[in-house]
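# Architecture at a glance
This is what each chain is made of:
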2 protein chains.
Amino acid sequence: MIHQDTIVALATPSGAGAIAIIRLSGKDAITIASEVFVSIKGKELSNQKSHTVHLGNIVDGDRLDNFRIIDEVLATVFKNPNSYTGENVVEFSCHGSAYIQQEIIQLLLRKGARMATAGEFTLQAFLNGKMDLSQAEAVADLISSDSKASHQLAIQQMRGGFSSEIKILRQELLNFASLIELELDFAEEDVEFANREEFQKLISKISKLLKNLIDSFATGNVLKNGIPVAIVGRPNSGKSTLLNALLNEERAIVSTIAGTTRDTIEDDISIGGVRFRFIDTAGLRETTDEIEKIGVARALEKLENSSIYMYLFDCSEMTLEEVKNELQGFSTNSKQIIVANKIDKASKQQLSILEKSGLEILFISAKEKESLDSLTGNLLEKAEISVLDSNQLIVTNSRHYDILGKSLEEIVKVQEGIDSNLSGDLLAIDLRQALYYLGEITGEVSNDELLGNIFANFCIGK
Amino acid sequence: MIHQDTIVALATPSGAGAIAIIRLSGKDAITIASEVFVSIKGKELSNQKSHTVHLGNIVDGDRLDNFRIIDEVLATVFKNPNSYTGENVVEFSCHGSAYIQQEIIQLLLRKGARMATAGEFTLQAFLNGKMDLSQAEAVADLISSDSKASHQLAIQQMRGGFSSEIKILRQELLNFASLIELELDFAEEDVEFANREEFQKLISKISKLLKNLIDSFATGNVLKNGIPVAIVGRPNSGKSTLLNALLNEERAIVSTIAGTTRDTIEDDISIGGVRFRFIDTAGLRETTDEIEKIGVARALEKLENSSIYMYLFDCSEMTLEEVKNELQGFSTNSKQIIVANKIDKASKQQLSILEKSGLEILFISAKEKESLDSLTGNLLEKAEISVLDSNQLIVTNSRHYDILGKSLEEIVKVQEGIDSNLSGDLLAIDLRQALYYLGEITGEVSNDELLGNIFANFCIGK
């Protein structure tokens, strides 16, 4: 898949802006760029050092007469292998008019470049060994990151993350595999080149890492998409007011999605860098109305699928008895936060009864924005996430999750093989399969289809 | 208005893309950048040469512990005065996630930069003498340019255009003004330092240039906004088919604006680099229907306001007599193009009659895309525009048009003063006023209000 072409694309978002970047990468990038770029100081691009910037004009046509200046630009030269792609790269920083961008790209195409496909710059970076496959995938995650947590995960993965550890362990495993295959050559002499004890240690180390990584996927996924928090409670208990108050506090609404059902609204809020997906459910109450019953049933379903549910009630209206009754109605494994709202309207007596109830209740006033800190603190605690601990490795990519599972399966087979004194030739088969899967994570093993699938999700220009 | 601040803004369009550029400009740009940028190779930004690019991480927090990597970026250093603004500039090329862009900008703000106002980078470039005012204005025109003609005009103006000529003539005028003011000091001695003949030559040269520039505004304006071409003709004469055919030919639709009235549609098409604004009018026909009469009246109004009108008829259906009758109904100063459409359906006899009619008729088939070349050629001819002759100076900016008018008025007064042997002190008053206006074009004379008005129309980041 390594190309001989020189590819070009707009690297900045489309639309008008002060600046746009057009990126040219490939063997002939500097030659092609020289044909259209006339330096103000008369410099030749090809004689310039890597990582230098030059002011000049993009000119269409013969340089002496019959030429047309398309734009005054800055040209930045990166020389093979010291560039993003590992090839020669020229980046033109031009004025951000869509017309100019098109004219420059068209001109470069006429001079011999071709349009880059989605993710092709990063694909070349991978093929040229500038990054491994999981790092390349992290680039796309990084671009689409929209909260501190998803950003942190992507950065971690891009900087090596778990793939560097896998790479080392895979190398060690590869050494053992070679030794075992070597034993096969000397089968008649019954020698053991591979120290079985050391080998077992390595296998259990790998299996432990794989298990941890697989377990981390649930967390990773939740961090990427937001931790689902169902807000339940009677109508008028202040659910919407609370949501709005949290939004104002954090000034970080990510999106407001009108739910599929008329009565479910989801809001994404980033609190302390972690994204929570709040699911505002229908007000819960005893009802004989058939349609309302459906709404309540749906609310309970949302509650069961959430990681955390927040039970909100109006403490100026509901009695402790009623609260207890309602809480008994919730059968779910999700973590519970009981919130007494409207403390500004409740009497001292009402509050005192609740305080002495033995229930772990948070007292707030959503309207007055009172004690919201304790609520968000409690949420973060319940979320139990230490994503910002940069030593923890978290898998967020479902491809990785999938292959980690397959790798573990093979590693377990190897482990069982060792335990049951399986012959070297049979062990070697499982080992090869394990090495194959582990290699697919880092891209040490890859094929066109795999790469095609991965990079098709990139934007053009990356 | 020259600031002591260091300003920061996103310079690329907002939204997700492969790359985003964050621009930092000001006295402390490099110092502030150094505080957040950690070079991969351990380089100090402040020790780097101008126009060099460095790979590193944007890091928030203490460098040794408790830090957070926001992104891996390229930092480009430009040193005062060799930068766009003429100040120290650092551009960070980061991953194009909106989250990352915000995090980096927020970090730079915490480190002492402030958000740039609209057009502030270009304003500083002007204040630091990197460009004159009309060049600065051209930057905004360039960014919004969307056709070859508007682009060419903006590039020309940005590269100096007429303002450099005005600057030279103004300097000469300034010299004469000084001499005349000097004469006043020696009024009792009746000397003449300023050679009246030379002076008169200069005045007439300036007045000629101003007149030309003022005249060019009509053309410039039309080029910027598109040459209005009304398409008239009976219903079903093929107007829409023709428009679509032209669009396909040129593959350069600029916009489709549904008109204010149900029956008027405007389409912008760039032909041979010139933008035409086609106004598709209601079908014309004799009618007793009151509402339809209004539509026809509107069509005729559109026709009168157009530069060119294209009368389209179905030559397989209409007789020469009918065509002549309809043409007589159009009283307008706009240029006329008579187009016989549907030649593929007309009989030889029908075509022959039309050919011998003495009328200048273009024969086409919009449906079969036949002879469209002759039509577009005719359009360009009628448009009579040699905008692509880069020696022609064209004014497109209404502020310039306005001040050129005022300058000319004063120059005419000076001229009259010379002709009537006006005394030096009176001449000097008109001269000063003329110098003032001429200076406002190039920005040699400016004030905060003027600059505020001009740069308020820029985008932030430019």
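All values reported here derive from a predicted model rather than from experimental measurement.

Take the overall build of chain A next. Of regular secondary structure, chain A possesses 15 helices and 14 strands. Relative to its length of 462 residues, chain A is extended, with a C-alpha radius of gyration of 30 Å against a globular reference of 23 Å. Considering only C-alpha atoms, chain A reaches an extent of 90 × 80 × 40 Å along its principal axes. Scored against the burial criterion, the 462 residues of chain A give a buried share of 53%. Counting only carbon and sulfur atoms, one obtains 47% of the accessible surface of chain A, whose full area is about 21100 Å². Charged side chains in chain A number 46 positive and 67 negative. The centres of these two groups are separated by 6 Å.

Attention now goes to the packing of aromatic side chains. By the definition in use, this model includes 16 aromatic pairs over all chains. Plain terms: the ring middles of Phe217 of chain B and Tyr401 of chain B are 4.1 Å apart, the flat faces sit at 15° to each other, and that makes the pair stacked. Placement of Phe217 of chain B in helix H7 (residues 196–225) and of Tyr401 of chain B in helix H13 (residues 398–419) is noted, with a sequence separation of 184 residues between them. Of the residues examined, Tyr401 of chain B reaches a relative accessible area of 36% and is grouped as partly exposed. The lysine or arginine in question, Arg23 of chain A, covers the ring of Phe121 of chain A, its NZ or CZ lying 5.3 Å from the ring centre.

The subject of this paragraph is the side chain of Arg170 of chain A. Counting through the fold element by element, Arg170 of chain A comes out in helix H6 (residues 161–185). Once residues within four sequence positions are removed from consideration, Arg170 of chain A is found in contact with Leu435, Leu438, Gly439, Glu444 and Val445 of chain A.

This part covers the confidence of the model for chain A. All names here are of chain A. Scored by pLDDT, chain A comes out at a mean of 85, with 90% of its residues at no less than 70. Within chain A, strand S9 (residues 253–258) has the poorest average pLDDT of any element, 36, and strand S6 (residues 89–96) the best, 97. Confidence drops under a pLDDT of 50 for residues 249–263, and excluding neighbours within four residues, the segment shows 32 contacts in the predicted structure.

This part takes up the relation of the copies chain A and chain B. For the pair chain A and chain B, the relating rotation is 180°, the translation along its axis is 0.1 Å, and the fit reaches an RMSD of 0.2 Å. On this basis, the relationship between the two copies can be described by a two-fold rotation axis. Judged by C-alpha distance, Thr52 of chain A is the residue of chain A that lies nearest the rotation axis, at 2.2 Å. Taken together, the interface assignments show that 100% of the residues at the interface of chain A recur at the interface of chain B, consistent with an identical surface on both copies.

Quick look at the interface of chain A and chain B now. Often, the extent of an interface is quoted as the loss of accessible area upon association of its parts. On the side of chain B, 44 residues touch chain A, which itself brings 44 residues to the contact. For the chain A and chain B pair, buried surface summed over both sides reaches about 3700 Å², with 65% attributable to carbon and sulfur atoms. The largest per-residue losses of area from chain A upon contact with chain B belong to Pro13, Ile19 and Tyr99 of chain A, which jointly make up 17% of the total buried on that side. Between the two partners, chain A and chain B, sit 0 salt bridges. For the pair chain A and chain B, the interface holds 12 residue pairs in polar contact (both at pLDDT 80 or more). Contributions of two or more residues to the side of chain A that touches chain B are made by strand S2 (17–26), strand S4 (52–61), strand S5 (67–78), S6, helix H2 (98–110), helix H4 (133–144) and helix H5 (148–158) of chain A. No other element matches S5 of chain A, which puts 8 residues into the side of chain A that touches chain B. Per-class residue counts for the side of chain A that touches chain B are 19 nonpolar, 16 polar and 9 charged.

Moving on: empty space enclosed by the protein. On inspection of all chains with the given rule, the structure shows 2 cavities of 30 Å³ or more. In this structure, the largest cavity spans a volume of roughly 160 Å³. In terms of lining residues, the largest cavity is bounded by 14 residues, among which Thr76 and Glu91 of chain A together with Ile21, Thr76 and Glu91 of chain B are the most central. Secondary structure elements with two or more residues in the lining of the largest cavity: S5 and S6 of chain A together with strand S5 (67–78) and strand S6 (89–96) of chain B. Among the residues making up the lining of the largest cavity, the classes are represented as 8 nonpolar, 4 polar and 2 charged. Around the second largest cavity, the lining residues are Ile166, Leu169, Arg170, Ile206, Leu209, Leu210 and Leu438 of chain B. When contributions to the lining of the second largest cavity are tallied by element, the ones reaching two or more residues are helix H6 (161–185) and H7 of chain B. Within the lining of the second largest cavity, the residues separate by chemical class into 6 nonpolar, no polar and 1 charged.

What follows is about the pairing of S2 of chain A. Residues and elements named next belong to chain A. The element S2 is extensively covered by neighbouring structure, given that 10 of its 10 residues are classed as buried. As paired elements, strand S1 (residues 6–10) and S2 share 5 bridges and run antiparallel to each other. Bridge pairing in S2 links Val8 to Leu24. The antiparallel pairing of S1 with S2 creates a hairpin that spans 6 residues between the two strands, and Gly15 there sits at a positive phi of about 110°. Examined bridge by bridge, S2 and S6 share 8 bridges and lie antiparallel to one another. Bridge pairing in S6 links Ile21 to Ser93.

Before going further, it helps to examine the pattern of salt bridges. For side chains bearing opposite charge, pairing can occur when the charged atoms are close. For the coordinates displayed, the defined rule picks out 30 salt bridges over all chains. Its salt-bridge partner being Lys406 of chain A, residue Asp402 of chain A comes within 3.7 Å of it at the nearest N-O pair. One end of the pair is Asp402 of chain A and the other is Lys406 of chain A, both in helix H13 (residues 398–419) and 4 residues apart, which spans about a single turn. According to the relative accessible area criterion, Asp402 of chain A is partly exposed, its value standing at 43%. Among the residues examined, Lys406 of chain A registers a relative accessible area of 34% and is labelled partly exposed. Between Asp5 of chain B and Arg114 of chain B there is a salt bridge, with its nearest N and O atoms 2.5 Å apart. You can see Asp5 of chain B sitting in the segment before strand S1 (6–10) and its partner Arg114 of chain B sitting in strand S7 (residues 114–115), a full 109 residues away along the chain. You can call Arg114 of chain B partly exposed: its relative accessible area is 27%. Overlapping salt bridges bring together Asp5, Arg114 and Glu120 of chain A as one network.

As a further point, take a nonpolar patch on the surface. Residue and element names in this part refer to chain A. A contiguous nonpolar patch, built from Leu179, Leu182, Phe186, Val191 and Phe193 and spanning about 360 Å² of accessible area, is present on the exposed surface. Turning to its location among the elements, Leu179 is positioned in helix H6. Given a relative accessible area of 31%, Leu179 falls into the partly exposed group.

Turning our attention to the pairing of S6 of chain A. All names here are of chain A. Across the 8 residues of S6, 8 count as buried, placing the element largely inside the fold. In this structure, S5 lies alongside S6, joined through 5 bridges in antiparallel fashion. When the bridges of S6 are listed, Phe78 appears paired with Val89.

Definitions and cut-offs
- Residues numbered from 1 in each chain as written.
- Chains lettered and ligands numbered in written order.
- Predicted model: local features only at pLDDT ≥ 70, side-chain atom pairs only at ≥ 80, totals over all residues.
- Heavy atoms only, no water.
- Helix = DSSP H or I, 4+ residues; strand = E, 2+ residues; numbered from the N terminus.
- Rg over C-alpha atoms; globule rule 2.2 N^0.38 Å.
- Buried < 20%, exposed > 50% of the residue type's maximum accessible area, 1.4 Å probe, protein only.
- Areas by Shrake-Rupley, 256 points an atom, 1.4 Å probe, with all protein chains shown as cover.
- Lys, Arg positive; Asp, Glu negative; His and termini not counted.
- Charge placed at Lys NZ, Arg CZ, Asp CG, Glu CD.
- Phe/Tyr/Trp six-rings, centres within 6.5 Å; stacked < 30°, edge-to-face > 60°.
- Lys NZ or Arg CZ within 6 Å of the ring centre and 35° of its normal.
- Contact = heavy atoms within 4.5 Å.
- pLDDT = per-residue confidence, 0-100.
- Least-squares fit on C-alpha atoms with pLDDT ≥ 70 in both.
- Buried area = accessible area lost by both parts, 1.4 Å probe.
- Salt bridge = Lys/Arg side-chain N within 4 Å of Asp/Glu carboxyl O.
- Polar contact = N/O pair within 3.5 Å; in protein donor to acceptor, adjacent residues only side chain to side chain.
- Nonpolar A, V, L, I, M, F, W, Y, C, P; charged D, E, K, R; others polar.
- 1 Å grid on protein atoms, 1.4 Å probe; cavity = no way out; pocket = protein on both sides within 12 Å on 5 of 7 lines; lining within 4 Å.
- Points joined across faces, edges and corners; volume = space filled by probe spheres on them.
- Pairing = 2+ DSSP bridges.
- Patch = residues over 30% accessible without salt bridge, like charges linked within 9 Å, V, L, I, M, F, W, Y side chains within 5 Å.

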